[in-house]
Amino acid sequence: MDNKSIENFLKMIIKIDDDTKSKVEMLESEIANRESQLNKIASDVEANSEVLKVSHSKRLVERIKTDTEMEQEKIMKESDVLMSDMDRIFSEKKARMINRAFEKLSIGRWGS
C-alpha cells in the first residue's frame, strides 16, 4: 500500500470515528432528553397521585362528617323523645303528689 492509500484509509477511519462519535453524542443527548421527559412524567404522576389522595381524603372526610351529623341528629331526636317522656312522667307524678298532699291536708284539716 502506498502512502496515498494509507492516508485515504486513515481519513476513512477518522471519518467513521467522527461519524460514530457524532452519533454517540446525539444518542446521549436523546437519552438525556428522554430521561428528563420521564422524570417530568414521574413528577406529574406523583403530583396527580397526591391530588387524587387529597381529593379522596376530602370525600372521605365529608362522608364521615355527613354520617356523624346524621348519627348526631338521630341521637338528638331520641334524646328529645326521652326528655319528653321524662317530662310527662314527672308532670304526672308531680300532679299525683300535689293531689295526695292536698288530700292529706284536707283530711288533716277536716279530720276524717
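Before reading on, note that the structure itself is shown above.
Being a predicted model, the structure only gives us computed values, none of them experimental. (Residues numbered from 1 in each chain as written. Predicted model: local features only at pLDDT ≥ 70, side-chain atom pairs only at ≥ 80, totals over all residues. Heavy atoms only, no water.)

1. Structural notes on the overall build of the protein
Argument step 1. Counting its secondary structure elements, the protein contains one helix and zero strands.
Argument step 2. Taking the principal axes of the C-alpha coordinates as reference, the protein spans close to 160 × 15 × 10 Å.
Argument step 3. Here the protein displays about 10,800 Å² of accessible surface, and carbon together with sulfur accounts for 60% of that area.
Argument step 4. With 21 positive and 23 negative side-chain charges, the protein shows a spacing of 13 Å between the two charge centroids. (Helix = DSSP H or I, 4+ residues; strand = E, 2+ residues; numbered from the N terminus. Areas by Shrake-Rupley, 256 points an atom, 1.4 Å probe, with all protein chains shown as cover. Lys, Arg positive; Asp, Glu negative; His and termini not counted. Charge placed at Lys NZ, Arg CZ, Asp CG, Glu CD.)

2. Focus on a nonpolar patch on the surface
Argument step 1. Together, Ile-6, Phe-9, Leu-10, Met-12 and Ile-13 give the surface a local cluster of nonpolar side chains, amounting to about 450 Å² of exposed area.
Argument step 2. As for its position among the elements, Ile-6 is in helix 1 (residues 3-110). (Patch = residues over 30% accessible without salt bridge, like charges linked within 9 Å, V, L, I, M, F, W, Y side chains within 5 Å. Salt bridge = Lys/Arg side-chain N within 4 Å of Asp/Glu carboxyl O.)

3. Comments concerning the pattern of salt bridges
A side chain of one charge can pair with a side chain of the opposite charge when the charged atoms of the two come close.
Argument step 1. Throughout the structure, instances matching the rule amount to seven salt bridges.
Argument step 2. One salt bridge connects Lys-11 with Glu-7, and the closest N-O pair in it is separated by 3.3 Å. In this pair, Lys-11 and Glu-7 both sit in helix 1, four residues apart, roughly one turn of the helix.
Argument step 3. Since its relative accessible area comes to 47%, Lys-11 is described here as partly exposed.
Argument step 4. Overall, the relative accessible area of 37% leaves Glu-7 in the partly exposed class. (Buried < 20%, exposed > 50% of the residue type's maximum accessible area, 1.4 Å probe, protein only.)

4. A short note on the environment of Ala-42
Argument step 1. Following the sequence through the fold, Ala-42 ends up in helix 1.
Argument step 2. C-alpha of Ala-42 to C-alpha of Ala-95: the two residues are 53 residues apart in sequence and 78 Å apart in space.

5. A few points about the environment of Thr-66
Argument step 1. Among the secondary structure elements, Thr-66 is positioned in helix 1.
Argument step 2. For Thr-66, a relative accessible area of 39% corresponds to the partly exposed category.
Argument step 3. Counting along the chain gives 39 residues from Thr-66 to Leu-27, while the straight-line C-alpha distance between them is 57 Å.

Note that all results are geometric; they support no functional claim without further evidence.
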